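What the coordinates show
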Amino acid sequence: MPLIEYIGDAVLDVEVTPNRPDCLSILGIAHEVAALTGAAVTEPDLSYPENDTPIESLAKVEIADPDLCLRYTASLIHGIEIGDSPSWMQDALTKAGLRPINNIVDITNYVMLEYGQPLHAFDFGKVRDNTIIVRSARPDEPLVTLDGATRPLQPPMLVIADTQDAIGLAGVMGGANTEIDDITTTVLLESANFHAINTRRTRLALRMDSEASYRFERGIRPELAPLALRRATQLMIQLAGGTASKGILDIYPDPTPMPSVQISRQRIRQVLGVDYTMQRVQQTLESLGLERDRAPESIMPTMDAFSVGGAPESDSVIWMKPPYWRSDITIEDDIVEELARIIGYESIPNNYDLHAHTTRTAAGAARPPGAR
């Protein structure tokens, strides 16, 4: 009998490198397993019923510091009943090292573990003027956080505020003044993307650690925000008896789509010493969620290619667009590393003949491929 059938559950203990925030989630690990096994990932259905009242008529969001808040999405759920979350959710959170609190807070933590996107729930009845403003803290602005501590803030620490006071420390922890309690009936659910370095500096300055900051500091993608928002909204309707306003608020001042990255057989040979076919390269990358893309118009050959002996072979170059959950793939060598990792380091020869594959620089000096 498989062990999982006997014990009924499994806990994944994963050591994650700083550049892989996607692996701080169940879906992220699932995509890794899919790439290694050829299986398909089944993502949650994100549909849910909505009432006829548009959210824009009930709530407002303003981003005053778009350099520090790249995207802010929110939904509004009415008529919820605060209570315990189901035993299966409490069990999952406990095994992941999180303490169950109530159904609303537990859902935000559960979806964070599922998608890798931190979320926060505000008691909407405590938000003045039904308005959220994302701004830098004022000098010495006080905030009582959910752990009960009063913290003096300084710019450029980023806060979530209403029209009067800070109600949360962006990317780190919520404020006690809008905390979900037993009489909460309407929730404003936040799913946003905050500047990684500013979040880290804020955490260090205030000596605060949180599951949220741990993920934001590693640079998650803005595309995650609306997906996790819809998933958590769906669960709040199912598990807390709520109804959702029509639509979501999605403030995205400067959309930054994931850029396509070039990969060439030439660069693979230079770095790894192997000559994978482009069909195998593309299949491997697609198993990781990357998609084939067209080359940008008027693209010039990469400097890397010139530096090691000429332009890439035009019939052996493809462009791939990384998926929304991978924030770490930005240059060609990132893709080379993925190929080595997924195809297997054992496929790389350990007796690579540097002399036979020596290339020449523009100045004519011989140099091994990949040498700096």
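It should be noted that the structure appears before, not after, this text.
In this text, all values refer to a predicted model and were calculated from it rather than measured experimentally.

With that out of the way, let us pick up unusual backbone geometry. The peptide bond linking Pro-155 to Pro-156 adopts the cis configuration, its omega dihedral lying at 5°. In this structure, Pro-156 sits in the loop between β7 (150-153) and β8 (158-161). For Asp-129, which is not a glycine, the phi torsion comes out positive at approximately 60°. Looking at the element boundaries, Asp-129 is found in the loop between β4 (120-123) and β5 (131-136).

Taking strand neighbours across the sheet as the criterion, the three strands line up as β14-β16-β15 in an open arrangement whose pairing is antiparallel. Because the sheet does not close on itself, it has two edges, and the strands there are β14 (261-264) and β15 (291-293). On average, each strand axis in the sheet is inclined to that of its neighbour by 45°, with strand direction left out of account. Relative to strand β16 (residues 317-321), β14 is paired through four bridges, and the arrangement is antiparallel.

Using the criterion set out here, one finds three aromatic pairs in the structure. Aromatic side chains Phe-194 and Phe-216 sit 5.2 Å apart centroid to centroid with 65° between the ring planes, which places their arrangement in the edge-to-face category. Residue Phe-194 is located in strand β11 (residues 187-194), and its partner Phe-216 is located in helix α6 (residues 211-216); the two are separated by 22 residues in the primary sequence. Given the relative accessible area of 4%, Phe-194 is considered buried. When the centroid spacing of 4.9 Å and the interplanar angle of 90° are considered together, the rings of Tyr-324 and Trp-325 count as edge-to-face. Using a relative accessible area of 22% as the deciding quantity, one classes Tyr-324 as partly exposed. Against the face of Tyr-214 rests Arg-218, its NZ or CZ located 3.8 Å from the ring centre.

About the thresholds
Residues numbered from 1 in each chain as written. Predicted model: local features only at pLDDT ≥ 70, side-chain atom pairs only at ≥ 80, totals over all residues. Heavy atoms only, no water. Helix = DSSP H or I, 4+ residues; strand = E, 2+ residues; numbered from the N terminus. Pairing = 2+ DSSP bridges. Axes fitted to C-alpha atoms, helices over the stretch in contact; angles between N-to-C directions. Phe/Tyr/Trp six-rings, centres within 6.5 Å; stacked < 30°, edge-to-face > 60°. Buried < 20%, exposed > 50% of the residue type's maximum accessible area, 1.4 Å probe, protein only. Lys NZ or Arg CZ within 6 Å of the ring centre and 35° of its normal.

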